[in-house]
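Spelled out, the chains give:
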Amino acid sequence: MLRFDVLTLFPELFRVVMGESIIGRAQKKGIIEINPVNIRDFSTDKHRKVDDYPYGGGKGMVMMAQPIYDAYLHLIKSLDYKPRVIYMSPQGKVLTQEKAIELASYNHIILLCGHYEGVDERVLEEIVDEEISIGDYVLTGGELPAMVLIDCVSRLVPGVLSDENSFKEDSLYDGLLEYPQYTRPYIFNEKKVPDVLLSGHHAKIERWRKLQSIVRTYYKRPELLKDRNISPEDIRSFEEELRNME
Ligand code: 4FN
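What counts, and where the lines are drawn
- Residues numbered from 1 in each chain as written.
- Predicted model: local features only at pLDDT ≥ 70, side-chain atom pairs only at ≥ 80, totals over all residues.
- Heavy atoms only, no water.
- Salt bridge = Lys/Arg side-chain N within 4 Å of Asp/Glu carboxyl O.
- Buried < 20%, exposed > 50% of the residue type's maximum accessible area, 1.4 Å probe, protein only.
- Helix = DSSP H or I, 4+ residues; strand = E, 2+ residues; numbered from the N terminus.
- Core = buried A, V, L, I, M, F, W, Y, C linked by side-chain atoms within 4.5 Å.
- Near = heavy atom within 4 Å.
- Areas by Shrake-Rupley, 256 points an atom, 1.4 Å probe, with all protein chains shown as cover.
- Nonpolar A, V, L, I, M, F, W, Y, C, P; charged D, E, K, R; others polar.
- Expected span 1.5 Å × (residues − 1).
- Contact = heavy atoms within 4.5 Å.

Q: Teacher, can you tell me more about the pattern of salt bridges here?
A: When the charged atoms of two side chains with opposite charge come close together, those side chains can pair. As enumerated under the stated definition, the model contains 15 salt bridges in all. The partner of Asp41 in a salt bridge is Arg48, with the nearest N and O atoms 3.1 Å apart. Exposure remark for Asp41: the relative accessible area of 48% places this residue in the partly exposed category. Judged by its relative accessible area of 38%, Arg48 falls in the partly exposed class. Residue Lys210 pairs with Asp174 through a salt bridge whose shortest N-O separation is 3.6 Å. You can see Lys210 sitting in helix α7 (residues 202–220) and its partner Asp174 sitting in the loop between α6 (143–154) and β8 (187–188), a full 36 residues away along the chain.

In structure tokens, the structure reads:
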């Protein structure tokens, strides 16, 4: 069982998005729990204010320390251990499959989502163990990043995926892109399915898929092949082998 508590100003986003499909089913089965906590519920202000002007001036608003800290204290008060606290932030290390595998070994993760110009630094110093980013672009809030993290970590928790779709089969596991996939009909817009896939020759199909994965990765995401010693000559010979399978 893996529990995610999410400190956010938009708890409904999580209920709507994570209530469906594989993640929704995993929650109903009790394999994972996603518990969005509305930071605004912990405001002590009569107008439920959670942001204020930045000291030193400048544009925008900053999320106040107090409501976030009180929401955090509320979550941990009955626990006899300290959950992993992650701030979704562009200042964090970019999320990788390796990091997702590491996070899937926790039982309890608290995710903090920022908004406006960010969060008062002092509450981050007080509660955050680690910052994680989902990539280098500007966003309006940490909610979509938190949902990306929950999705990619949850599918690694035993029982979330069916045996059929088990993550152990993922090609991302060996770090390569996926081979091309085809389904019926056999001919679409005059293009036929590669005949090797209809040959019933399982070893040959495996070889074709492996070579497709390597060649695709080489052209589309060559950076994924570094530390793997594949030369342009290797690629040319794989392409020739693929042509000969047709
Ligand atoms: N973003 C950059 C530089 C400066 C600011 C930002 C930015 C949301 C609260 C953070 C963004 C991207 C990936 C959280 C971006 C992420 C966020 C994330 C995020 C509002 C403050 C902010 C140099 C990366 C372009 C806004 C770079 N993963 N600030 O987006 O929360 O998790």
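Read on, since the account is not over.
Q: Sorry, what's going on with the nonpolar core here?
A: One broad rule of soluble globular proteins: the nonpolar side chains tend to lie buried together. Counting 30 residues, the largest nonpolar core has Phe4, Leu111 and Leu149 as the members making the most contacts within it. Those elements giving two or more residues to this core turn out to be β1 (2–8), α2 (21–28), β2 (32–38), β5 (84–94), α4 (97–103), β6 (108–113) and α6. Looking at which element gives the most residues to this core, the answer is α6, with 6 residues. Grouped together as the second largest cluster of nonpolar side chains are 20 residues, Leu9, Val37, Val50 and Val128 included.

Q: Would you mind going over unusual backbone geometry with me for this structure?
A: Cis geometry marks the peptide bond from Arg184 to Pro185, where omega comes out at 10 degrees. Within the secondary structure, Pro185 is located in the loop between α6 and β8. If you check the backbone angles, Arg48 has positive phi at about 60 degrees while not being a glycine. Position of Arg48 among the secondary structure elements: in the loop between β2 and β3 (51–52).

Q: Can you help me understand the site of the ligand in this one?
A: The full set close to the ligand counts 18 residues, and Ile134, Gly135, Tyr137, Val138 and Leu139 are the nearest of them. Starting from 630 Å² of accessible surface for the ligand in isolation, the protein chains cover 74%. Mapped onto the shell around the ligand, the elements with two or more residues apiece are β5 and β7 (130–133). By residue number, the principal contributor to the shell around the ligand is β5, which donates 3 residues. Across the shell around the ligand, the residue classes break down as 9 nonpolar, 8 polar and 1 charged.

Q: Quick question: what am I supposed to make of α7 here?
A: Given 3.6 residues per turn, any residue in an α-helix points the same way as the ones three and four places further on. Compared with an ideal rise of 1.5 Å per residue, which puts 19 residues at 27 Å, α7 spans 26 Å between its outermost C-alpha atoms and is within 8% of the ideal. Among all positions in α7, only Ile205, Trp208, Leu211, Gln212, Ser213, Ile214, Val215 and Thr217 are buried. Residues of α7 that are buried make contact with α8 (232–245).

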